[in-house]
Amino acid sequence: MKIYNWGIIGPGRIARKFAEDLQRLPNARLHAVASTSIDRARAFAAEFGANYSYGRYDDIVHCPGLDVVYIATPHVLHCENTLLCLEHGIPVLCEKPFAMNTAEARLMVNAARKNRTFLMEALWTRFIPAVAHAFDLVENGEIGELHTVKSDFGYSMPFDPASRVFNKALGGGSLLDIGIYPALLSLFLFGKPAAEDIQAAATFTPTDVDESCVFTFQYPGNRLAINHSTIAANTPVEAWLHGREGSIYLHPRWHHTQKLTLSRYEFRQETKRDIEMPYEGRGYSFEAEHVMQCLDNELLESDKVPLYFTLDLVETLDAVREKVGLVY
Ligand SMILES: NC(=O)c1ccc[n+]([C@@H]2O[C@H](COP(=O)([O-])OP(=O)(O)OC[C@H]3O[C@@H](n4cnc5c(N)ncnc54)[C@H](OP(=O)(O)O)[C@@H]3O)[C@@H](O)[C@H]2O)c1
């Protein structure tokens, strides 16, 4: 069994959770950490037993024995950090949102193809067992023809103009941070909506990023996706998949849920079945495991989160931003 040596760029909050979950995988170890501060890099490396620490992102690409890098910096740095690794032939798992806009995303995808190096957006939700099972249930016709997907993601974040979430220069706002989850659910189930079939409205913070965003996608055949994100309220964070013969409820927080309820419509009554799919850890080990399987198989991209899907997602978020006037 090959042991994969992981590097992390940007050892912040999500990087810590990811590093904790890497420890659950027998074929993964944290090998290198790059921070803008050598002290932070050393402290993080020491905490997780990594051998190498760097006080500049650029230096990690020269790390001996490095197999793959996880990029966990603020959105605005994803493109630059990804290009750095790809140009040195180092495979990349890049946090969501993949890029600030389609132009950046294309640069990243083109660099992966030109350098024949693996690249995937860290859409961990796709690999959560219960979420993947919900997709299989839909695919297998358990709820009949799917016609409506409805999901939300909201949390109450106290206003702090300096924080990544409110800071426009760091790509702040609800849509790119968490609205991306309802968007990706809709795209996984229905595909990319045509730009003219997207409706959207948003409210804005004093820092001019979206505080709340509602957006709908209409598809041919009476199909609809209803999406909501906000950084101003703790919303249920649940998802409903409605079909002509039944529904699937993804329990909170749906994007890493461990429980589904499958309902089937019978004449004048509804039968319900709970499906529990518990897992250990925070839910990030599944995407890491998938990346290593792809690398084992010498794939240049994932079949579960292919690069065309990531481009579709970025283009859709760009279209929503255009509708609400959210410009970075
Ligand atoms: N998949 C998920 O569940 C999930 C959850 C949360 C966030 N995310 C994504 O992960 C990324 C990071 O989010 P986070 O919540 O971990 O952010 P965070 O705690 O602020 O960490 C980001 C790290 O990036 C580095 N950084 C470089 N330039 C920076 C700058 N100008 N301002 C702030 N930090 C800077 C910092 O590390 P050094 O300075 O030490 O290098 C910082 O610790 C975002 O793109 C976010 O969308 C994903």
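All of these numbers come straight from a predicted model, not from anything done at the bench.

## Remarks on the domain arrangement of the protein chain
1) Next: Assigned domains within the protein chain: domain 1 (4-123) and domain 2 (125-283 + 313-324).
2) Next: Look at where the C-alpha atoms of domain 1 and domain 2 centre, and you get two points 27 Å apart.
3) Next: Tallying the contact residues gives 18 residues for domain 1 and 22 residues for domain 2.
4) Next: For the pair domain 1 and domain 2, the summed buried surface comes to about 1,700 Å²; carbon and sulfur atoms form 58% of the total.
5) Next: Asp177 is the partner of Lys96 in a salt bridge, and the nearest nitrogen-oxygen pair spans 3.8 Å.
6) Next: Counting across the domain 1 and domain 2 interface gives ten residue pairs in polar contact (both at pLDDT 80 or more).

## Brief notes about the sheet that holds strand β2 (residues 28-34)
1) Next: Pairing is parallel across the open sheet formed by six strands, whose spatial order is β3-β2-β1-β4-β5-β6. Of all the strands in the sheet, just β3 (52-54) and β6 (119-121) have a single pairing partner and so form its edges. Between one strand and the next, the sheet's axes are offset by a mean angle of 25 degrees, whatever the strand orientation.
2) Next: Each of β1 (4-9), β4 (68-71), β5 (92-94) and β6 is contacted by helix α3 (residues 78-87), which is oriented at about 175 degrees to β5, the strand it contacts most.

## Let's talk about the packing of aromatic side chains
1) Next: As enumerated under the stated definition, the model contains 13 aromatic pairs in all.
2) Next: Aromatic side chains Phe188 and Phe309 sit 3.9 Å apart centroid to centroid with 10 degrees between the ring planes, which places their arrangement in the stacked category. Placement of Phe188 in helix α6 (residues 174-190) and of Phe309 in helix α8 (residues 307-324) is noted, with a sequence separation of 121 residues between them.
3) Next: Measuring from ring centre to ring centre gives 4.4 Å for Trp240 and Tyr249, while their planes differ by 35 degrees; the resulting arrangement is tilted.
4) Next: Look at Trp240 and you get partly exposed, because its relative accessible area is 26%.
5) Next: For Tyr249, a relative accessible area of 13% corresponds to the buried category.
6) Next: Taken together, the ring pairs connect Trp6, Phe18 and Tyr70 into an aromatic cluster.
7) Next: Sitting over the ring of Phe188, Arg126 keeps its end group 5.7 Å from the ring centre.

## Section: the pattern of salt bridges
1) Next: Considering all chains together, one arrives at 15 salt bridges under this definition.
2) Next: Across the pair Glu280 and Arg24 runs a salt bridge, and its minimum N-O distance is 3.7 Å. One end of the pair, Glu280, is in the loop between β14 (269-276) and α7 (285-296); the other, Arg24, is in the loop between α1 (13-22) and β2, and 256 residues separate them in sequence.
3) Next: Judged by its relative accessible area of 59%, Glu280 falls in the exposed class.
4) Next: Here the salt bridges do not stand alone but share partners, grouping Lys96, Arg164 and Asp177 into one network.

## Considering the site of the ligand
1) Next: Around the ligand, a shell composed of 24 residues is seen, among which Ser35, Thr36, Arg40, Tyr57 and Tyr284 lie nearest.
2) Next: With respect to the ligand, the side chain of Arg40 contributes an N or O atom lying 2.6 Å from an oxygen atom.
3) Next: Here a nitrogen atom of the ligand sits 3.2 Å away from a polar atom, N or O, in the side chain of Glu95.
4) Next: If the ligand stood free it would expose 880 Å²; the protein chains cover 80% of that surface.
5) Next: Of all the elements in the fold, those that place two or more residues in the shell around the ligand are α1 and α6.

## Some words on the environment of Val165
1) Next: Checked against the element boundaries, Val165 lands in the loop between β7 (146-154) and α6.
2) Next: As for Val165 and Asn227, which are separated by 62 residues in sequence, their C-alpha atoms are 19 Å apart.
3) Next: If sequence neighbours within four positions are ignored, Val165 has contacts with Tyr155, Met157, Gly172, Gly173, Asp177, Val209 and Ile231.

## A few points about the environment of Thr271
1) Next: Looking at the secondary structure, you find Thr271 in strand β14.
2) Next: Distance in space between the C-alpha atoms of Thr271 and Gly246 is 9.1 Å, their sequence separation being 25 residues.
3) Next: Apart from residues no more than four positions distant in its own chain, Thr271 is found in contact with Leu262, Ser263, Arg264 and Glu266.

## Brief notes about unusual backbone geometry
1) Next: Going from Lys96 to Pro97, the amide bond is cis rather than trans, its omega being -10 degrees.
2) Next: Topologically, Pro97 is positioned in the loop between β5 and α4 (102-114).
3) Next: Arg253 follows Pro252 through a cis peptide bond whose omega is -20 degrees.
4) Next: In this structure, Arg253 sits in the loop between β12 (246-250) and β13 (259-266).
5) Next: Positive phi is not limited to glycine here, since Arg116 has a value of about 50 degrees.
6) Next: In this structure, Arg116 sits in the loop between α4 and β6.
7) Next: In this model, Glu298 sits at a positive phi of 55 degrees, which is unusual for a non-glycine residue.
8) Next: Along the chain, the position of Glu298 falls in the loop between α7 and α8.

Cut-off values and rules
- Residues numbered from 1 in each chain as written.
- Predicted model: local features only at pLDDT ≥ 70, side-chain atom pairs only at ≥ 80, totals over all residues.
- Heavy atoms only, no water.
- Domains from an automatic or database assignment.
- Contact = heavy atoms within 4.5 Å.
- Buried area = accessible area lost by both parts, 1.4 Å probe.
- Salt bridge = Lys/Arg side-chain N within 4 Å of Asp/Glu carboxyl O.
- Polar contact = N/O pair within 3.5 Å; in protein donor to acceptor, adjacent residues only side chain to side chain.
- Pairing = 2+ DSSP bridges.
- Helix = DSSP H or I, 4+ residues; strand = E, 2+ residues; numbered from the N terminus.
- Axes fitted to C-alpha atoms, helices over the stretch in contact; angles between N-to-C directions.
- Phe/Tyr/Trp six-rings, centres within 6.5 Å; stacked < 30°, edge-to-face > 60°.
- Buried < 20%, exposed > 50% of the residue type's maximum accessible area, 1.4 Å probe, protein only.
- Lys NZ or Arg CZ within 6 Å of the ring centre and 35° of its normal.
- Near = heavy atom within 4 Å.
- Areas by Shrake-Rupley, 256 points an atom, 1.4 Å probe, with all protein chains shown as cover.

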